[in-house]
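Okay, here's what each chain looks like letter by letter:
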Amino acid sequence: MSKSKRTKIIDILNGDQLGSTVVVKGWVRTKRDSKNVVFIALNDGSVMRNLQIVVDNGSISEEVLASITTGASLSVTGEVIASEGKGQAVELSAQAIQVLGEADPEKYPLQPKRHSLEFLREIAHLRPRTNTFGAIYRIRHAMIFAVHQFFTNKGFLNIHTPIITASDAEGAGETFMVTNFDMEKPPKGADGQIDFNQDFFGKKTNLTVSGQLEGELAALALSDIYTFGPCFRAENSNTSRHLAEFWMIEPEMAFYDLKDTMDLAEEFVRYLVKYALQHCEEDLAFLNKRAEDEDKNKKQEDRRPMSLLESLQFVAEHDFERITYTEAIQILRNSKPNKKKRFQFLIEDWGADLQSEHERYLVEKHFKKPVIIYDYPANIKAFYMRVNEDGKTVAAMDVLFPGIGEIIGGSQREERYDQLTHKMENMGIHAADLQWYLDTRRFGTAPHSGFGLGFERFMQFITGMHNIRDVIPFPRARGSAEF
RNA sequence: UCCCCCUUAGCUCAGUUGGUUAGAGCGGCUGACUGUUAAUCAGUAGGUCCUUGGUUCGAGCCCAAGAGGGGGAGCCA
């Protein structure tokens, strides 16, 4: 059957197709039958809503009707008619039904009722067939598109940075090694150590933890670029905010200082949120209701202060709070939980790293809005961040979101060759390993900045999902690489 | 990696002080029903009580170890 003959359900529900005969294909959500008529709710993923198929008694063989069960895939030919029922404007009066794939009702795990997210995580290969995950994946696509649209509109170039790299000097965490050695007997050198000179790439390689360093190379030629690719971290972190494989968006801009970068980050996030509100209305309304229902079963203090839609609206309309690390320390030092010793880690001296309890206090209690903290102490940040005039802070910034924590990390990069090499030396990073990176500082160096947005963290905010494993189709985490 | 919690039917969960044959709702199946919306009503099948070991006359329940899952911390995006 030719593809052109098939009509997507979204076009039937939203379009003006009354009276026309169409072919629809999709999967059965529920079937309800009574003496004279059978109703089938059909979904094809093009939209949250189902198309109601109406089968008048006798028009379709008993045998075919019997094999139409929840989860079966159908091709239905019928006429689009005005619905007699109340739940929908139009429905499809079936003339012919072909069952493309049966789903044994005794074994098909999805039921026409709500499942726990934990159970759906175990059957992640089937969960796209649920309303919740259909909505999440449609929104995820819309956000991917909006990312490219935002940067394209601003004249940024998308750069594909390498996934296999020999650089692990960024210090962003444990890496996954890439090798094609026979693990039983890897070649060894005279010193008895594994000889990576004989490996596929002639050196030790790993999966990338970030495209930033390569992104800088491109920015220092093309001015404004961004990457949007997978990152891999072998950290042993088991939380609802971490994945071993996640996607990151990393813009890098020549001639931007930190202030320009914070402006861009804020504009970017607000653009994405507005795009979702405008283009994913139906899916967001569903997730909003889902979150509200979820909150009903929780204690008052565990409920979200704003509904999902309210918090999206809030971010779309309000500026983020911007404070320096030093100001943050002052606020925290004078805060109630610090004075009453409610913090597990009390804030005393300047220079301490902020714990998540502190970040949450600032975002959720003190400011009640997204917060950008900038000008961090140099010794708690990465080597490539630009040292400020005071000599003890760096031009770094983190964007903190309610409920999620750090969603963006960025900085102005150290463009001065001497300062950069000096710092690398202090941090034990070998200049020889990063000669290609240092060359940008030797030849036509320029002020530049960038940031990284964790795409799944952002998706958690947009969808209101608490566990990051529910906003990526196939989550990879410690001890788990199913499907 | 650390701390806390959980694991009983396909799913969500009850299960009293350790005591006879382990329950409910939903889902499935069978039937009824003149248009249903996660339909409704009636009936029915369905169990390695996570695994292993221990205590006991007797363990779903107590103890130990392990596995899996969830929440939090650290690290980070």
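Residues numbered from 1 in each chain as written. Chains lettered and ligands numbered in written order. Predicted model: local features only at pLDDT ≥ 70, side-chain atom pairs only at ≥ 80, totals over all residues. Heavy atoms only, no water.

## Brief notes about the overall build of chain A
Piece 1. A count of helices and strands for chain A gives 14 helices and 16 strands.
Piece 2. The dimensions of chain A, computed from C-alpha atoms along their principal axes, are 85 × 60 × 40 Å.
Piece 3. Across the 483 residues of chain A, 49% fall into the buried class.
Piece 4. Excluding contacts between residues fewer than 6 apart, the proportion of contacts in chain A whose partners are at least 24 apart in sequence is 67%.
Piece 5. Put simply, chain A shows about 24,400 Å² of open surface, and 49% of that area lies on carbon and sulfur atoms.
Piece 6. Measuring between centres, the 59 positive side-chain charges of chain A sit 5 Å from its 69 negative side-chain charges. (Helix = DSSP H or I, 4+ residues; strand = E, 2+ residues; numbered from the N terminus. Buried < 20%, exposed > 50% of the residue type's maximum accessible area, 1.4 Å probe, protein only. Contact = heavy atoms within 4.5 Å. Areas by Shrake-Rupley, 256 points an atom, 1.4 Å probe, with all protein chains shown as cover. Lys, Arg positive; Asp, Glu negative; His and termini not counted. Charge placed at Lys NZ, Arg CZ, Asp CG, Glu CD.)

## As for the side chain of Thr 30
Piece 1. By the secondary structure assignment, Thr 30 is in strand S1 (residues 21-33).
Piece 2. One polar contact links Thr 30 to Arg 32, side chain to side chain, over a distance of 3.1 Å.
Piece 3. Apart from the residues within four sequence positions on either side, Thr 30 is in contact with Phe 39, Ile 40, Ala 41, Thr 70 and Pro 112. (Polar contact = N/O pair within 3.5 Å; in protein donor to acceptor, adjacent residues only side chain to side chain.)

## Things to note about helix H8 (residues 308-317)
Piece 1. Looking only at H8, the buried set comprises Leu 308, Ser 311, Leu 312, Val 315 and Ala 316. Viewed along the axis of H8, the buried residues span an arc of 140°, placing them on a single side of the element.
Piece 2. Looking at the buried side of H8, the elements it contacts are helix H6 (258-279), helix H7 (281-296), strand S14 (393-401) and helix H14 (455-463). (Arc of directions from axis to C-beta.)

## Examining the protein's contact with RNA strand B
Piece 1. Taken together, 46 residues lie near RNA strand B, and Arg 32, Gln 52, Asn 236, Thr 239 and Arg 457 sit nearest.
Piece 2. Near-protein atoms of RNA strand B (within 4 Å) split between backbone and bases, with sugar and phosphate holding 48%.
Piece 3. Gly 87 has a polar backbone atom sitting 3.3 Å from a base oxygen of RNA strand B.
Piece 4. Side-chain polar atom of Glu 91 to a base nitrogen of RNA strand B: 2.7 Å apart, as the coordinates give it.
Piece 5. Those elements that provide at least two residues to the surface near RNA strand B are S1, helix H3 (117-122), strand S11 (245-254), strand S15 (405-412) and strand S16 (448-454).
Piece 6. When grouped by side-chain class, the residues that make up the surface near RNA strand B number 9 nonpolar, 22 polar and 15 charged. (Near = heavy atom within 4 Å. Nonpolar A, V, L, I, M, F, W, Y, C, P; charged D, E, K, R; others polar.)

## Some remarks on the layout of surface pockets
Piece 1. The calculated volume of the second largest pocket comes to roughly 490 Å³.
Piece 2. Looking at the second largest pocket, it is lined by 23 residues, and the ones nearest its centre are Gln 111, Lys 113, Arg 114, Thr 130 and Asn 131.
Piece 3. Of all the secondary-structure elements, those providing two or more residues to the lining of the second largest pocket are S1, helix H4 (131-153) and H7.
Piece 4. Considered class by class, the residues forming the lining of the second largest pocket number 7 nonpolar, 9 polar and 7 charged.
Piece 5. Shared between two domains, the lining of the second largest pocket takes at least three residues from each, and those domains are domain 1 (3-112) and domain 2 (129-174 + 209-470). (1 Å grid on protein atoms, 1.4 Å probe; cavity = no way out; pocket = protein on both sides within 12 Å on 5 of 7 lines; lining within 4 Å. Points joined across faces, edges and corners; volume = space filled by probe spheres on them. Domains from an automatic or database assignment.)

## Describing the pairing of strand S10 (residues 224-232)
Piece 1. The buried fraction of S10 is high, at 9 of 9 residues.
Piece 2. Alignment of strand S6 (residues 157-158) against S10, held across 2 bridges, turns out to be parallel. Across the sheet, residue Leu 157 finds its bridge partner in S10, namely Ile 225.
Piece 3. With 9 bridges connecting them, S10 and S11 associate as antiparallel partners. Bridge pairing links Ile 225 to Glu 252 in S11. (Pairing = 2+ DSSP bridges.)

## A word on the domain arrangement of chain A
Piece 1. Segmenting chain A into domains produces domain 1 (3-112) and domain 2 (129-174 + 209-470).
Piece 2. Inter-centroid distance (C-alpha atoms) of domain 1 to domain 2 is 44 Å.
Piece 3. Between domain 1 and domain 2, the buried area comes to about 810 Å², and carbon and sulfur atoms account for 46% of it.
Piece 4. A per-residue breakdown of the area domain 1 buries against domain 2 is headed by Arg 29, Met 48 and Leu 110, which together make up 63% of the total.
Piece 5. Joining domain 1 to domain 2, the criterion identifies 1 salt bridge.
Piece 6. One salt bridge in this structure joins Arg 49 and Glu 282, with 2.7 Å as the shortest N-O distance.
Piece 7. Where domain 1 touches domain 2, the interface holds 6 residue pairs in polar contact (both at pLDDT 80 or more). (Buried area = accessible area lost by both parts, 1.4 Å probe. Salt bridge = Lys/Arg side-chain N within 4 Å of Asp/Glu carboxyl O.)

## Topic: the environment of Phe 314
Piece 1. As for its position among the elements, Phe 314 is in helix H8.
Piece 2. When the C-alpha positions of Phe 314 and Asp 260 are compared, they lie 23 Å apart, and in sequence the two are 54 residues distant.
Piece 3. Those residues in contact with Phe 314, other than ones at most four positions away along the chain, are Met 306, Lys 368, Lys 369 and Pro 370.

## Overview of the sheet that holds S6
Piece 1. An order of S6-S10-S11-S16-S15-S14-S13-S12 is seen for the 8 strands of this open sheet, with the pairing classed as mixed. The open sheet has two edge strands with one neighbour each: S6 and strand S12 (321-324).
Piece 2. Most of the contacts of helix H9 (residues 325-333) go to S12, to which it runs at about 95°, and overall it touches S12 and strand S13 (371-377). (Axes fitted to C-alpha atoms, helices over the stretch in contact; angles between N-to-C directions.)

## A short note on the pairing of S1
Piece 1. As defined by bridge partners, S1 adjoins strand S4 (residues 73-82) across 7 bridges and the pair is classed as antiparallel. Within S4, the position partnered with Trp 27 by the bridge is Ser 73.
Piece 2. Here S1 pairs with strand S2 (residues 37-43) via 6 bridges, running antiparallel. Residue pairing for S2: Asp 33 is matched across the bridge by Val 38.
Piece 3. Once S1 ends, the chain turns through 3 residues before running back antiparallel as S2.

## Examining the UniProt feature "coiled-coil region" (unreviewed entry) in chain A
Piece 1. Under the UniProt annotation, the feature "coiled-coil region" (unreviewed entry) is placed at residues 277-304.
Piece 2. From the first C-alpha to the last, residues 277-304 spans 19 Å; its make-up is 68% helix and 0% strand. (UniProt positions renumbered as here; feature names shortened; annotations may be inferred.)

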